[in-house]
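# Results of the structural survey
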Amino acid sequence: MKVLFLCCSLFLSALSFAVVEGHKYPFDNQQDTERFNQLAEDLRCPKCQNQNLADSNAPVARDMRDKVYELLQQGKSDDEVVGYMVDRYGDFVRYNPPVRANTLLLWYGPAIIFGFGLLIIVLIRRGHKSGGSKPLSDEEKARLEKLKAAAVSEEKGQKL
């Protein structure tokens, strides 16, 4: 009995992965069905963390799928459907937002940060090569030898 219950529960849980039901959104032709499925995959759920409409079963995603179906039934193009969703929910619903003044940092920020990082690495390496370490003059060498001799004699005095 327990095995039967386990098998049934596993079977029923597998059904929860089928969010976009084909029978719920019937279309007259296969092309519209494919357009709907593509739009459901291309549009992001505004509530979920990085899930598209096809993967999400949040209420807002369900409403958005219904609206996509309704707009496609009205004969709207894919661009018009996406435009409607962007007008209502903002650019967040698109996985590839357009390049605008307010999205420039989003598009070019990683390249700018990479460029600054590369520049810092080059400057650090150049600084290590030139390093500012020039050879000691004769006067400095003599002074260094005196300091070494004083340190050695002091060390010998402490050991006694």
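Per chain, residue numbering runs from 1 following the sequence as it is written. Confidence filtering applies because this is a predicted model: local features only for residues at pLDDT of at least 70, side-chain atom pairs given and counted only at 80 or more, and all residues used for totals across whole chains, interfaces and linings. To obtain the side-chain values, all non-hydrogen atoms of the structure were included, while hydrogens and water were left out.

## Focus on the side chain of Thr 103
Test applied: In this description a helix means any DSSP run of H or I spanning at least four residues, a strand means any run of E spanning at least two, and both kinds are numbered starting from the N terminus. Partly exposed describes any residue whose relative accessible area lies between the buried limit of under 20% and the exposed limit of over 50%, with all areas from a 1.4 Å probe on protein chains only and scaled to the type maximum. A 3.5 Å cut-off defines polar contacts: any pair of N or O atoms within that distance qualifies, except that in protein one atom must be a possible hydrogen donor and the other a possible acceptor, and neighbouring residues in sequence count only when both atoms are side-chain atoms.
Mapped onto the secondary structure, Thr 103 falls in the loop between helix H4 (78-89) and helix H5 (104-130). Thr 103 gets classed as buried once you look at its relative accessible area, which sits at 8%. At 2.7 Å, the side chain of Thr 103 and the backbone oxygen of Pro 98 are in polar contact.

## A closer look at the packing of aromatic side chains
What counts here: A pair of Phe, Tyr and Trp rings is counted when the ring centres sit within 6.5 Å of each other, with Trp represented by its six-membered ring. The angle between the planes then sorts it: under 30 degrees is stacked, over 60 is edge-to-face, the rest tilted. Charges are assigned to positions over rings by a cutoff of 6 Å between ring centre and Lys NZ or Arg CZ, combined with an angular limit of 35 degrees from the ring normal.
Within this structure, the stated rule accounts for four aromatic pairs. Both rings, one in Tyr 25 and one in Phe 36, keep their centres 4.7 Å apart while their planes meet at 35 degrees; by these two values the pair is tilted. Of this pair, Tyr 25 sits in the loop between helix H1 (2-15) and helix H2 (30-42) while Phe 36 is found in helix H2, placing the two residues eleven residues apart along the sequence. With respect to class, Tyr 25 is no different from Phe 36; both count as buried. Geometrically, the ring pair formed by Phe 27 and Phe 36 is tilted, given 5.7 Å between the ring centres and 45 degrees between the ring planes. The pair formed by Phe 27 and Phe 36 is uniform in burial state, with each residue classed as buried. An aromatic cluster is present here, built from Tyr 25, Phe 27, Phe 36 and Tyr 69 joined pairwise through their rings. Lying over the aromatic face of Phe 92, Arg 44 brings its terminal NZ or CZ to 4.7 Å of the ring centre.

## Comments concerning helix H3 (residues 59-73)
We count it as follows: A helix is expected to reach a length of 1.5 Å times the quantity of its residues less one. As used here, the arc is the angular range of directions from the helix axis to the C-beta atoms. Contacts are assigned to residue pairs that have any heavy atoms within 4.5 Å of one another.
The end-to-end C-alpha distance of H3 is 21 Å, a good match for the 21 Å that 15 residues give at a rise of 1.5 Å each. Buried within H3 are the following residues: Ala 61, Met 64, Arg 65, Val 68, Tyr 69, Leu 71 and Leu 72. Along the axis of H3, the buried positions cluster into a sector of 165 degrees, meaning they face one direction only. Its buried side turned inward, H3 meets H2 and H4. Just downstream of H3, Gly 75 is the residue with a positive phi angle, here 90 degrees.

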